[in-house]
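Analysis of the macromolecular model
Letter by letter, the chains look like this.
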Amino acid sequence: MNPSVAHAELIATFKRAEADAAHKFGLIKAVEKKGPKAIQAAVETAAKAAKRRDSYAKKLNILGVILKD
């Protein structure tokens, strides 16, 4: 596989993970009226999504791809 294609696929995957993490953090606000168990589940899900996003960011950083904040 061409390195630039691999980079593009990894960047696309990172962008999806970034959007997913933002969405999951938004869900925390949406479930705040449903009680502590719902909030805890949303927080755990958001943390996993953020960890996945950060993992892709680290891989891109290793490849020398600089991500804008």
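What counts, and at which threshold
- Residues numbered from 1 in each chain as written.
- Predicted model: local features only at pLDDT ≥ 70, side-chain atom pairs only at ≥ 80, totals over all residues.
- Heavy atoms only, no water.
- Helix = DSSP H or I, 4+ residues; strand = E, 2+ residues; numbered from the N terminus.
- Rg over C-alpha atoms; globule rule 2.2 N^0.38 Å.
- Buried < 20%, exposed > 50% of the residue type's maximum accessible area, 1.4 Å probe, protein only.
- Contact = heavy atoms within 4.5 Å.
- Areas by Shrake-Rupley, 256 points an atom, 1.4 Å probe, with all protein chains shown as cover.
- Salt bridge = Lys/Arg side-chain N within 4 Å of Asp/Glu carboxyl O.

1. Considerations on the overall build of the chain
Check the secondary structure of the chain and you find two helices and zero strands. The C-alpha atoms of the chain give a radius of gyration of 15 Å, which is well past the 11 Å a tight globule of 69 residues would have. Expressed as lengths along the three principal axes of its C-alpha atoms, the size of the chain is roughly 50 × 20 × 15 Å. In the chain, which comprises 69 residues, the proportion classed as buried is 17%. Considering only residue pairs separated by 6 or more positions, the chain has 67% of its internal contacts joining residues 24 or more positions apart. For the chain, the computed accessible surface area is about 5300 Å², with 60% contributed by carbon and sulfur atoms.

2. Comments concerning the environment of Val65
Relative to the elements of secondary structure, Val65 occurs in the segment after helix 2 (36–62). On the basis of relative accessibility, which here comes to 18%, the residue Val65 falls in the buried class. Between the C-alpha atom of Val65 and that of His7, which follows or precedes it by 58 residues, the distance is 8.2 Å. The contact partners of Val65, leaving out residues within four places of it in the chain, are His7, Ile11 and Leu60.

3. Examining the pattern of salt bridges
On inspection of all chains with the given rule, the structure shows three salt bridges. In this structure, Asp20 engages Lys24 in a salt bridge whose closest nitrogen and oxygen atoms are separated by 3.4 Å. Of this pair, Asp20 and Lys24 both sit in helix 1 (residues 3–30), four residues apart, which is roughly one turn of the helix. Residue Asp20 is classed as partly exposed on the basis of its relative accessible area, which comes to 22%. With a shortest N-O distance of 3.3 Å, Asp20 and Arg52 are connected by a salt bridge. On the criterion of sequence distance, the pair formed by Asp20 in helix 1 and Arg52 in helix 2 is long-range, its members being 32 residues apart. Connected through shared salt-bridge partners, Asp20, Lys24 and Arg52 make up one network.

4. Digging into the environment of Asp20
Along the primary structure Asp20 and Arg52 are separated by 32 residues, whereas in three dimensions their C-alpha atoms are 9.6 Å apart. Setting aside residues no more than four positions away along its own chain, Asp20 makes contact with Ala49 and Arg52.

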